[in-house]
Amino acid sequence: MKILAVETSCDETAAAVTEDLNVLSSVKITQEVHKAWGGVVPSLAKRDHEANIDWVIEQALVNAGFPIESGMTQIGAIAVTQGPGLAIALGVGIAKARDLSEKYNKPLVAVNHVEGHILSALVSAEKSNTQNQKSKQVSFPCLALVISGGHTQIILVKEIGKYKILAQSLDDDIGEALDKGARALGLGWPGGAVLEERAKLGNPKKYILPMPMARRTTNAFSYSGLKAALIRVVAQLTSCAVDGKLSEEQVNDLAAAYQERVFEHIVRVLKRILNDDLGLVINDLLVGGGVAANQSLKSKIQSVCDDQNVRLHYPENMVLCTDNAAMIGVVGGFKAAKGEFVKPAELDRKPRWSVESL
Ligand code: KG4
Ligand code: ZN
């Protein structure tokens, strides 16, 4: 069944057409307006979603090869992100999906955004003959690691659609921590990708930042202490500088030290959970979320998986790591196959919807 998917949970206005695990088209507009504010402003996100939603949907239908006048007739169901996310941003995608569902008489599927990130590693960016091959390579139960601006979770995937959160952040999420660290170093927002580039030029051992939750063995994440430590070091260094600024070398070294600690923390908790006696055999790890785009983190996760004899499943490209509608379409396809539809009039946003309560 061909699914038209819509995603507006944060600052990307996205639409896609998918079929099983295959992406027939995927279109997104990343809102630039928030850069000046150093973070997502919900009212501006809503305004931009409203301005762009019709265009991304039309482009998704056209790019999937459907005629512009009759594209919707090719679609079997509409999937939309119901949560978690910014309430007024979610509302734009939901209202549009409800309208289309009623106008064209298409069944509607409500999708959890985190479930989208969990399954994004299974999505085939290119249509191939090996349809569904990827999901056949995954044995359940498996683990998922979702690392993005708004999520830091290790999740037990009992089967597709049944999840249990094993670890999550007590304060800042990993992408948020990278973005705030980048901002403290004067690198703009969002900063994860810039921080990665600057970290490659720096010496991670020049400055010693604290290891988050160093003496705790709880399966949880915490980044606010590390962020505060970085801000303190920046304040000390700039107060000693003649021009009151960090040198380029200091920025590179601090970026390297900070990123290293952020990733060491993730890897430590991941290893501990893989070593924990879950009473289950875990052979597969699915990774998703914007921070997964980081190559240094990817190689750290790969070596944990190699050590533990676990197969690593990673999104095929950067677009599938960050927020996108293709992952929503793929989850929508699984739910449609099980007949899990919702009535348009009953679909409302769920800003704090946990993936555990599907
Ligand atoms: O998945 P995503 O688009 O949105 C949320 O669901 O939150 O993730 C956005 C996050 C931002 O914090 C951004 O800085 C981070 O992903 N990010 C990266 C990289 N590219 C994007 N973090 C580290 N390295 C990157 N290359
Ligand atoms: Zn996301």
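Residues numbered from 1 in each chain as written. Chains lettered and ligands numbered in written order. Predicted model: local features only at pLDDT ≥ 70, side-chain atom pairs only at ≥ 80, totals over all residues. Heavy atoms only, no water.

Here we come to the overall build of the chain. Scanning the chain for helices and strands turns up 11 helices and 10 strands. The globule rule puts the C-alpha radius of gyration for 358 residues at 21 Å, and the 21 Å found for the chain is close to it. Principal-axis analysis of the C-alpha atoms gives the chain an extent of 65 × 50 × 35 Å. In the chain, buried positions account for 54% of the 358 residues. In the chain, once contacts between residues fewer than 6 apart in sequence are set aside, the share between residues at least 24 apart is 75%. Accessible surface, the chain as shown: approximately 15,400 Å² in total, 50% of it carbon and sulfur. (Helix = DSSP H or I, 4+ residues; strand = E, 2+ residues; numbered from the N terminus. Rg over C-alpha atoms; globule rule 2.2 N^0.38 Å. Buried < 20%, exposed > 50% of the residue type's maximum accessible area, 1.4 Å probe, protein only. Contact = heavy atoms within 4.5 Å. Areas by Shrake-Rupley, 256 points an atom, 1.4 Å probe, with all protein chains shown as cover.)

With respect to the helices and strands, alanine 60 occurs in helix 1 (residues 42-63). Residues alanine 60 and valine 17 lie 43 residues apart in sequence; the distance between their C-alpha atoms is 6.2 Å.

Turning our eyes to something else, we now look at the site of ligand 1. Neighbouring ligand 1 are 21 residues, the closest being Gly149, Asp179, Glu196, Gly290 and Asp323. The side chain of aspartate 179 places a nitrogen or oxygen atom 2.6 Å from an oxygen atom of ligand 1. Between ligand 1 and aspartate 323, the relevant distance is 3.0 Å, taken from an oxygen atom to a side-chain nitrogen or oxygen of the residue. If ligand 1 stood free it would expose 560 Å²; the protein chains cover 89% of that surface. Elements with a minimum of two residues in the shell around ligand 1: helix 3 (113-119), helix 5 (174-184), helix 6 (192-201) and helix 10 (318-321). (Near = heavy atom within 4 Å. Polar contact = N/O pair within 3.5 Å; in protein donor to acceptor, adjacent residues only side chain to side chain.)

What follows covers the sheet that holds strand 10 (residues 311-313). If you trace the 5 strands from one edge of the open sheet to the other, you get 8-7-6-9-10, paired in mixed fashion. Single-partner strands in this sheet number two, and they are strand 8 (162-168) and strand 10. With strand direction ignored, the average angle separating the axes of adjacent strands in the sheet is 25 degrees. (Pairing = 2+ DSSP bridges. Axes fitted to C-alpha atoms, helices over the stretch in contact; angles between N-to-C directions.)

With that out of the way, let us pick up the nonpolar core. Among the nonpolar cores identified, the biggest contains 54 residues, and Leu185, Leu285 and Ile301 are the most heavily contacted of them. At 14 residues, helix 8 (residues 248-275) tops the list of elements feeding residues into this core. Ignoring sequence-local partners within four residues, the contact set of isoleucine 301 consists of Leu145, Leu270, Leu285, Val287, Leu312 and Tyr314. The next biggest cluster of nonpolar side chains, apart from the first, holds 35 residues, and it includes Ala16, Val23, Ile165 and Leu286. (Core = buried A, V, L, I, M, F, W, Y, C linked by side-chain atoms within 4.5 Å.)

The next point concerns the coordination of the zinc ion (ligand 2). The coordination sphere of the zinc ion (ligand 2), as far as protein atoms go, consists of His113 (NE2), His117 (NE2) and Asp323 (OD), spread over 2.0 to 2.1 Å. Taken together, the 4 donor atoms surrounding the zinc ion (ligand 2) define angles of 95 to 131 degrees at the centre, an arrangement classified as tetrahedral. Donor residues binding the zinc ion (ligand 2) come from one chain and are separated in sequence as H-x3-H-x205-D. Highlighted residues: histidine 117 in helix 3 and aspartate 323 in the loop between helix 10 and helix 11 (326-337), separated in sequence by 206 residues. Neither residue differs from the other here; histidine 117 and aspartate 323 are each classed as buried. (Donors = N, O, S within 2.8 Å, 3.2 Å for Na, K, Ca; no water. Tetrahedral: all angles 85-135°; square planar, octahedral: opposite > 155°, others 65-115°.)

The next subject is the sheet that holds strand 3 (residues 22-30). The mixed open sheet is built from 5 strands, whose spatial order is 3-2-1-4-5. The open sheet has two edge strands, strand 3 and strand 5 (108-112), and neither has a second partner. Recorded for the sheet is a direction-independent mean angle of 20 degrees between the axes of neighbouring strands. As paired elements, strand 4 (residues 77-83) and strand 5 share 5 bridges and run parallel to each other. Within strand 5, the residue paired with isoleucine 78 across the bridge is leucine 108. Helix 2 (residues 87-104) rests against strand 1 (2-7), strand 4 and strand 5 of the sheet, and its axis sits at about 155 degrees to strand 4.

Glancing now at the pairing of strand 6 (residues 142-147). Strand 6 sits mainly inside the fold: 6 of its 6 residues count as buried. Residues Cys142, Ala144 and Val146 point to one face of strand 6 and Leu143, Leu145 and Ile147 to the other, with burial holding for every one of them. Direction of pairing for strand 6 relative to strand 7 (residues 152-159): antiparallel, over a ladder of 6 bridges. Residue pairing in the sheet places isoleucine 147 in a bridge with threonine 152 of strand 7. Hairpin geometry of strand 6 and strand 7 is characterised by an intervening segment of 4 residues between the two adjacent antiparallel strands.

Here we come to the packing of aromatic side chains. Ring pairs (aromatic) are described by centroid distance and by the angle formed between their planes. Summed over all chains, the structure comprises 0 aromatic pairs. For the cation-ring pair, lysine 350 lies above tryptophan 353, with the distance from its terminal atom to the ring centre recorded as 4.4 Å. (Phe/Tyr/Trp six-rings, centres within 6.5 Å; stacked < 30°, edge-to-face > 60°. Lys NZ or Arg CZ within 6 Å of the ring centre and 35° of its normal.)

This part is about the packing of helix 8 against helix 9 (residues 295-308). It is at 10 Å that the axes of helix 8 and helix 9 come closest, and there the two elements cross at 20 degrees. Overall, the two elements helix 8 and helix 9 adopt an arrangement that is roughly parallel. The element helix 8 and its partner helix 9 pack so that their crossing is right-handed. Residues Gln259, Glu260, Phe263, Val267, Leu270, Lys271, Leu274 and Asn275 of helix 8 form the contact with helix 9, whose participating residues are Ser296, Leu297, Lys300, Ile301, Val304 and Gln308. (Parallel < 35°, antiparallel > 145°, perpendicular 65-115°, else oblique. Left-handed = near helix turned anticlockwise from the far one by under 90°.)

In a regular helix each residue adds 1.5 Å, so 17 residues correspond to 24 Å; helix 7 (residues 224-240) covers 25 Å between its end C-alpha atoms and thus fits that length. Against the buried residues of helix 7 lie helix 5 and helix 8. (Expected span 1.5 Å × (residues − 1).)

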